[in-house]
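Read off the chains here:
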Amino acid sequence: MQHELWPAEGQRRWRVITDTVMGGLSQGTLQLAEIEGRTAARMRGAVSTANNGGFIQIAMDLSPDGGAFDAGSCHGVAAELLGNGEAYGLHLRTTDLLRPQQSYRHAFQATPQWQLIECPFASFTPHRTDTPLDVSRLRRIGLVAIGREFDADLSIARLWLY
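First things first, this report covers the structure right here in the doc. Everything quoted here is computed from the prediction, not taken from an experiment.

This next bit is on the pattern of salt bridges. Under the criterion given, the structure shown has seven salt bridges. One salt bridge in this structure joins Asp153 and Arg42, with 2.7 Å as the shortest N-O distance. With Asp153 in strand S12 (residues 150-161) and Arg42 in strand S4 (residues 38-47), the pair connects residues that are 111 residues apart, well separated along the chain. One salt bridge connects Asp61 with Arg140, and the closest N-O pair in it is separated by 2.9 Å. Highlighted residues: Asp61 in strand S5 (residues 55-61) and Arg140 in strand S11 (residues 138-146), separated in sequence by 79 residues. Owing to a relative accessible area of 13%, Arg140 belongs among the buried residues under this scheme. Residues participating in the shared-partner salt-bridge network are Glu4, Arg38, Glu80 and Arg158.

In C-alpha coordinates form, the structure reads like this:
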(Lines give C-alpha, C1' and ligand atoms only; values in the text may rest on other atoms or scores of the structure.)
Protein backbone atom coordinates (compact mmCIF):
# COMPACT_ATOMS: atom_id res chain seq x y z
CA MET A 1 0.00 0.00 0.00
CA GLN A 2 1.19 3.51 -0.78
CA HIS A 3 -0.19 6.59 0.94
CA GLU A 4 0.75 9.97 -0.54
CA LEU A 5 1.51 12.61 2.12
CA TRP A 6 2.96 15.48 0.10
CA PRO A 7 2.14 17.12 -2.16
CA ALA A 8 -1.36 16.75 -0.81
CA GLU A 9 -4.64 18.57 -0.88
CA GLY A 10 -6.22 19.89 2.28
CA GLN A 11 -4.71 20.09 5.73
CA ARG A 12 -1.21 18.69 5.30
CA ARG A 13 1.19 21.60 5.17
CA TRP A 14 4.85 22.00 6.02
CA ARG A 15 5.81 24.56 8.62
CA VAL A 16 9.23 25.70 9.71
CA ILE A 17 10.36 25.26 13.33
CA THR A 18 13.71 26.40 14.69
CA ASP A 19 15.52 26.19 18.00
CA THR A 20 14.43 29.77 18.73
CA VAL A 21 11.40 28.16 20.45
CA MET A 22 13.87 27.22 23.23
CA GLY A 23 16.26 30.18 23.06
CA GLY A 24 18.52 29.00 20.24
CA LEU A 25 19.80 31.22 17.43
CA SER A 26 19.33 29.07 14.30
CA GLN A 27 17.51 30.73 11.42
CA GLY A 28 15.43 28.92 8.83
CA THR A 29 13.00 29.58 6.01
CA LEU A 30 10.51 27.50 4.08
CA GLN A 31 9.31 28.28 0.58
CA LEU A 32 7.66 26.53 -2.32
CA ALA A 33 10.11 26.60 -5.19
CA GLU A 34 10.53 25.28 -8.71
CA ILE A 35 13.79 23.29 -8.69
CA GLU A 36 15.00 21.54 -11.83
CA GLY A 37 11.44 21.44 -13.15
CA ARG A 38 9.91 20.07 -9.95
CA THR A 39 7.76 21.86 -7.39
CA ALA A 40 9.28 21.38 -3.96
CA ALA A 41 9.18 22.58 -0.38
CA ARG A 42 12.61 24.09 0.28
CA MET A 43 14.11 24.48 3.75
CA ARG A 44 17.11 26.79 3.99
CA GLY A 45 18.95 28.37 6.84
CA ALA A 46 21.87 28.45 9.21
CA VAL A 47 22.06 25.95 12.06
CA SER A 48 23.73 27.49 15.10
CA THR A 49 24.73 25.68 18.28
CA ALA A 50 25.03 28.98 20.15
CA ASN A 51 22.83 29.46 23.22
CA ASN A 52 22.11 25.71 23.47
CA GLY A 53 20.57 25.62 20.01
CA GLY A 54 21.22 23.44 17.04
CA PHE A 55 18.31 22.75 14.68
CA ILE A 56 15.96 23.91 11.99
CA GLN A 57 13.23 21.72 10.57
CA ILE A 58 10.17 21.59 8.42
CA ALA A 59 7.39 19.51 9.95
CA MET A 60 3.98 18.27 8.89
CA ASP A 61 1.15 17.06 11.11
CA LEU A 62 -0.47 13.96 9.60
CA SER A 63 -3.97 14.54 10.96
CA PRO A 64 -5.76 17.90 10.74
CA ASP A 65 -6.50 17.85 14.50
CA GLY A 66 -2.92 16.91 15.48
CA GLY A 67 -4.05 13.47 16.58
CA ALA A 68 -2.94 9.99 15.60
CA PHE A 69 -2.59 8.81 12.01
CA ASP A 70 -2.65 5.03 11.54
CA ALA A 71 0.23 3.89 9.31
CA GLY A 72 0.01 0.30 10.52
CA SER A 73 -0.54 -1.07 7.01
CA CYS A 74 2.70 0.56 5.78
CA HIS A 75 6.36 -0.43 6.10
CA GLY A 76 8.10 2.94 6.05
CA VAL A 77 8.48 6.48 4.73
CA ALA A 78 9.84 7.40 1.31
CA ALA A 79 10.77 10.78 -0.13
CA GLU A 80 12.20 12.42 -3.22
CA LEU A 81 14.81 14.92 -2.03
CA LEU A 82 17.55 17.23 -3.23
CA GLY A 83 20.11 18.80 -0.92
CA ASN A 84 23.53 20.32 -0.55
CA GLY A 85 25.52 17.20 0.33
CA GLU A 86 24.91 17.53 4.08
CA ALA A 87 23.50 14.98 6.55
CA TYR A 88 19.89 15.49 7.67
CA GLY A 89 17.33 13.57 9.68
CA LEU A 90 13.83 12.29 9.05
CA HIS A 91 12.08 12.45 12.42
CA LEU A 92 8.78 10.88 13.41
CA ARG A 93 6.64 11.80 16.39
CA THR A 94 3.71 9.83 17.76
CA THR A 95 0.91 10.73 20.11
CA ASP A 96 2.83 8.71 22.74
CA LEU A 97 5.61 11.32 22.92
CA LEU A 98 4.97 14.20 25.30
CA ARG A 99 8.25 16.17 25.29
CA PRO A 100 9.35 18.24 22.26
CA GLN A 101 12.86 16.71 22.20
CA GLN A 102 11.52 13.15 21.86
CA SER A 103 11.34 11.52 18.42
CA TYR A 104 12.22 8.52 16.29
CA ARG A 105 15.09 9.32 13.91
CA HIS A 106 16.54 8.16 10.61
CA ALA A 107 19.63 9.91 9.22
CA PHE A 108 20.32 10.42 5.51
CA GLN A 109 22.71 12.27 3.21
CA ALA A 110 21.03 14.73 0.83
CA THR A 111 22.82 14.73 -2.50
CA PRO A 112 22.82 17.69 -4.91
CA GLN A 113 20.79 15.57 -7.37
CA TRP A 114 17.20 14.43 -6.90
CA GLN A 115 17.22 11.14 -5.04
CA LEU A 116 14.75 8.65 -3.62
CA ILE A 117 15.20 7.63 0.01
CA GLU A 118 13.30 4.81 1.67
CA CYS A 119 13.26 4.64 5.45
CA PRO A 120 11.71 1.45 6.85
CA PHE A 121 9.97 2.02 10.18
CA ALA A 122 12.25 -0.66 11.69
CA SER A 123 15.32 1.52 10.97
CA PHE A 124 14.17 4.50 13.07
CA THR A 125 15.94 4.88 16.41
CA PRO A 126 14.21 6.31 19.48
CA HIS A 127 15.63 9.59 20.77
CA ARG A 128 15.13 10.49 24.45
CA THR A 129 12.34 7.94 24.86
CA ASP A 130 12.02 4.31 25.87
CA THR A 131 8.62 4.02 24.21
CA PRO A 132 8.71 1.75 21.14
CA LEU A 133 7.61 3.27 17.84
CA ASP A 134 3.91 2.58 17.31
CA VAL A 135 3.17 3.52 13.69
CA SER A 136 -0.56 3.31 14.33
CA ARG A 137 -0.09 6.50 16.41
CA LEU A 138 1.98 8.68 14.04
CA ARG A 139 1.44 12.39 14.57
CA ARG A 140 4.14 14.34 12.74
CA ILE A 141 6.94 13.95 10.20
CA GLY A 142 9.87 16.33 10.14
CA LEU A 143 12.93 16.93 7.98
CA VAL A 144 15.64 18.25 10.27
CA ALA A 145 19.02 19.94 10.03
CA ILE A 146 20.49 19.31 13.47
CA GLY A 147 23.42 18.95 15.78
CA ARG A 148 26.22 21.02 14.28
CA GLU A 149 26.80 24.41 12.69
CA PHE A 150 26.18 24.35 8.95
CA ASP A 151 24.16 25.94 6.17
CA ALA A 152 21.08 23.85 5.44
CA ASP A 153 19.47 23.60 2.01
CA LEU A 154 17.06 20.69 1.58
CA SER A 155 14.17 20.35 -0.86
CA ILE A 156 11.41 17.75 -0.95
CA ALA A 157 9.26 17.13 -4.02
CA ARG A 158 7.33 14.13 -2.75
CA LEU A 159 6.69 12.25 0.52
CA TRP A 160 4.71 9.05 1.01
CA LEU A 161 4.21 6.00 3.19
CA TYR A 162 4.86 2.65 1.56
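Okay, back to it.
Next up on the list: the side chain of Thr129. Following the sequence through the fold, Thr129 ends up in the loop between strand S10 (125-127) and S11. Its relative accessible area of 12% is what places Thr129 among the buried residues. A polar side-chain atom of Thr129 sits 3.1 Å from the main-chain amide nitrogen of Thr131. Dropping the residues within four chain positions of it, Thr129 is found in contact with Leu97, Gln102, Ser103 and Tyr104.

Any pair of aromatic rings gets described here by the distance separating the centres and the angle formed by the planes. Summed over the entire model, instances satisfying the criterion amount to four aromatic pairs. Arranged with centres 5.8 Å apart and planes meeting at 70°, the rings of Tyr88 and Phe150 form a pair that is edge-to-face. Highlighted residues: Tyr88 in strand S7 (residues 87-94) and Phe150 in strand S12, separated in sequence by 62 residues. With respect to class, Tyr88 is no different from Phe150; both count as buried.

Attention now moves to the nonpolar core. In terms of nonpolar packing, the biggest core is built from 38 residues, with Trp14, Tyr88, Phe108, Phe121, Leu143, Ile156 and Leu159 touching the most fellow members. Per-element accounting of this core gives the leading share, six residues, to S12. Apart from residues lying up to four places away in sequence, Tyr88 is in contact with Met43, His106, Ala107, Phe108, Ala110, Val144, Ala145, Phe150, Asp151, Ala152, Asp153 and Leu154. Judged by nonpolar contacts, the second largest core, of six residues, contains Ile35, Ala40, Leu82 and Ala157.

Calculation notes
- Residues numbered from 1 in each chain as written.
- Predicted model: local features only at pLDDT ≥ 70, side-chain atom pairs only at ≥ 80, totals over all residues.
- Heavy atoms only, no water.
- Salt bridge = Lys/Arg side-chain N within 4 Å of Asp/Glu carboxyl O.
- Helix = DSSP H or I, 4+ residues; strand = E, 2+ residues; numbered from the N terminus.
- Buried < 20%, exposed > 50% of the residue type's maximum accessible area, 1.4 Å probe, protein only.
- Polar contact = N/O pair within 3.5 Å; in protein donor to acceptor, adjacent residues only side chain to side chain.
- Contact = heavy atoms within 4.5 Å.
- Phe/Tyr/Trp six-rings, centres within 6.5 Å; stacked < 30°, edge-to-face > 60°.
- Core = buried A, V, L, I, M, F, W, Y, C linked by side-chain atoms within 4.5 Å.

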